[in-house]
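Notes for the structure review
Here is how the chains run, residue by residue.
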Amino acid sequence: MSLLSLCEWLARSEWSVALHESLYVYPLVETTHVLSLLLFVGTVVFVDLRLLGWVLRDVPVSEVTARLLPFTVAGFAISVISGALLFYAIPVRTYQSLFFRIKVLMLLAAGVNALLFQRATRRGALAWDRDPTPPRRARVAGAVSLVAWATVIVMGRMIAYNWFDCDRQPQPAFVNWAAGCIPQ
Amino acid sequence: MTPLELFERLEASALGTAIRDSAWLFPAIEAVHLLGLALLGGAVLVVDLRLLGVGLAQRPVAYVARQLTPWLAFAITVMVATGIPLFLSEAVKCFHSEAFRLKMVALALALAFTFGVRNRVAKGQPLPARWNRFVAICSLALWLTVASAGRWIGFS
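Residues numbered from 1 in each chain as written. Chains lettered and ligands numbered in written order. Predicted model: local features only at pLDDT ≥ 70, side-chain atom pairs only at ≥ 80, totals over all residues.

**A closer look at the overall build of chain A**
Scanning chain A from terminus to terminus reveals eight helices and zero strands. Helices and strands appear in chain A in the N-to-C order α-α-α-α-α-α-α-α. Taken along the three principal axes of its C-alpha coordinates, chain A extends 60 × 40 × 30 Å. Per-residue burial over chain A gives 35% buried out of 184 residues. (Helix = DSSP H or I, 4+ residues; strand = E, 2+ residues; numbered from the N terminus. Buried ≥ 20, exposed ≤ 12 C-beta atoms within 10 Å, placed from the backbone.)

As structure tokens, then:
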């Protein structure tokens, strides 16, 4: 079963149609998704800014991460649950959205960056924990994270626009390929 | 000039017209508005969490507030600088929107409370924990109202 046919199957389910057509539940889920961003990206931004040495310079990096990342994780959980519901409400169009696909790739990039950074810092036991300006590698990790999350937000907002939708042809061949459009 | 006429004139402004006539200007400005929201959310939250006794709880409230205030001011600047053009492009719709009205009232209250009360509490003499918690809950409630009402403008 391809991912597209899985999405088509989801789109036929009663709950998916109900959620998509509901007057209040869909906007409420979407508002929750946007608000979760305050908690999730809002806290991760300040961890990243600390890694860049731009804020909370007197606080050890390990203290900032230990104190703020639990809130990031809680916000991320709300983002993922509300985001999954939004996808479930409009599965086929979202799956074939160029913006959604870039968003997922950037989510993965942000995740890999965070994992690599975590592994590197665990080994080094943070000799630079108290440095107001962390070493270059940590600053790069912070900058990559900021750019990745910013792109996730922008792409997420752009999903609402149908410029590159499969039912709007003709599109450049590259767009159709990247969005997974099937030629009629 | 009635308020409606004022809003009509604002919508007819050169900037408002340029944004309406462009396919990508509104989405682009809106995206930056949303990035500003994420930063604003963090700058408000880190201080309010501290007032609630969680987050950076090992640091003095005044220190956390001093560190975060410039970022809050920057985030508000971005929000206002992008919010005004967005408003100009659809001022008449905003005039009729309950969500817009709620957002503007909540925004005025949130700004007054944050800079008039919360930051003074945070940077002044330490207060009992329950006062800190009360201030943090008011701040969070106001800013969450601003953000959700803002999202709701798009649904109306």
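**Some details on the overall build of chain B**
Scanning chain B from N- to C-terminus turns up seven helices and zero strands. Its helices and strands taken in sequence order, chain B reads α-α-α-α-α-α-α from the N to the C terminus. The 156 residues of chain B split such that 38% are buried. Sequence separation of at least 24 residues holds for 80% of the intrachain contacts in chain B that already meet a minimum separation of 6. (Contact = placed C-beta atoms within 7 Å.)

**With respect to the nonpolar core**
One broad trend across soluble globular proteins is that nonpolar side chains are buried collectively. Trp149 and Ile153 of chain A together with Ala38, Leu40, Ala43 and Val46 of chain B are the most contacted members of the largest nonpolar core, which has 68 residues in total. When residues of this core are traced back to their parent elements, those giving at least two are helix H3 (25-52), helix H4 (61-89), helix H6 (98-124) and helix H7 (136-158) of chain A together with helix H3 (25-51), helix H4 (61-89), helix H6 (98-123) and helix H7 (129-153) of chain B. Excluding anything up to four places from it in sequence, isoleucine 153 of chain A contacts Leu37 and Val41 of chain A together with Leu34, Leu35 and Ala38 of chain B. Membership of the second largest hydrophobic core comes to five residues, among which are Leu88, Ala91, Cys94 and Phe100 of chain B. (Core = buried A, V, L, I, M, F, W, Y, C linked by C-beta atoms within 7 Å.)

**Regarding the confidence of the model for chain B**
Here chain B shows a mean pLDDT of 95. Residues at 70 or above account for 100%. For this predicted complex, the interface score ipTM comes out at 0.93, while the overall pTM is 0.93. (pLDDT = per-residue confidence, 0-100.)

**Some details on the environment of serine 13 of chain A**
Relative to the helices and strands, serine 13 of chain A is located in the loop between helix H1 (3-12) and helix H2 (14-21). Distance from serine 13 of chain A to tyrosine 88 of chain A, taken between C-alpha atoms, is 9.4 Å for residues 75 residues apart in sequence.

**Topic: the interface of chain B and chain A**
Listed as interface residues are 25 residues of chain B and, on the opposing side, 25 residues of chain A. Considering each element in turn, the side of chain B that touches chain A owes the most residues, 13 residues, to H3 of chain B. Looking at the side of chain B that touches chain A, its residues break down into 16 nonpolar, six polar and three charged. (Nonpolar A, V, L, I, M, F, W, Y, C, P; charged D, E, K, R; others polar.)

**Digging into the environment of alanine 110 of chain B**
Residue and element names in this part refer to chain B. Here alanine 110 shows up in helix H6. Distance from alanine 110 to alanine 141, taken between C-alpha atoms, is 8.9 Å for residues 31 residues apart in sequence. What alanine 110 contacts, discounting residues up to four positions off in sequence, is Leu142, Trp143 and Val146.

**Some words on H4 of chain A**
Taking 1.5 Å as the rise per residue, H4 of chain A with 29 residues should run 42 Å; its terminal C-alpha atoms sit 40 Å apart, in good agreement. When the local axis directions of H4 of chain A are compared, the greatest deviation, roughly 35°, occurs at leucine 68 of chain A, which is followed within four positions by the proline proline 70 of chain A. Each element contacted by the buried residues of H4 of chain A is listed here: H2 and H3 of chain A together with H3 of chain B. (Expected span 1.5 Å × (residues − 1). Bend = angle between axes of the 7 residues up to and from the residue.)

**With respect to the packing of H3 of chain A against H7 of chain A**
When two helices pack together, you describe them by how their axes are tilted relative to each other and by the distance separating the axes. Residue and element names in this part refer to chain A. Close contact between H3 and H7 brings their axes to 8 Å; oriented N to C, the two are set at 155°. With respect to their mutual orientation, H3 and H7 come out roughly antiparallel. H7 is crossed by H3, and the crossing has left-handed handedness. For the pair H3 and H7, contact is made by Leu37, Val41, Val44, Val45, Asp48, Leu51 and Leu52 and by Ala138, Arg139, Ala141, Gly142, Ala143, Ser145, Leu146, Trp149 and Ile153, respectively. Classifying every residue of the contact of H3 with H7 gives twelve nonpolar, two polar and two charged. (Axes fitted to C-alpha atoms, helices over the stretch in contact; angles between N-to-C directions. Parallel < 35°, antiparallel > 145°, perpendicular 65-115°, else oblique. Left-handed = near helix turned anticlockwise from the far one by under 90°.)

**Thoughts on the environment of alanine 143 of chain A**
Here alanine 143 of chain A lies in helix H7. In this structure the C-alpha to C-alpha distance between alanine 143 of chain A and arginine 168 of chain A, which are 25 residues apart in sequence, comes to 36 Å.

**So, unusual backbone geometry**
All names here are of chain A. A cis amide bond links glutamine 169 to the next residue, proline 170, at an omega of 0°. Residue placement: proline 170 occurs in the loop between H7 and helix H8 (173-179). The phi angle at leucine 56 is positive, at roughly 50°, despite the residue not being glycine. Structurally, the position occupied by leucine 56 is in the loop between H3 and H4. With 23 C-beta atoms counted inside 10 Å, the residue leucine 56 sits in the buried group.

**Observations regarding the packing of H3 of chain B against H4 of chain B**
Residues and elements named next belong to chain B. Look at H3 against H4: their axes get within 8 Å of each other, and the N-to-C directions meet at 155°. Comparing the axis directions of H3 and H4 gives the class roughly antiparallel. As for the relative orientation of H3 and H4, their crossing is left-handed in sense. In terms of residue class, the contact of H3 with H4 is made up of 23 nonpolar, five polar and two charged.

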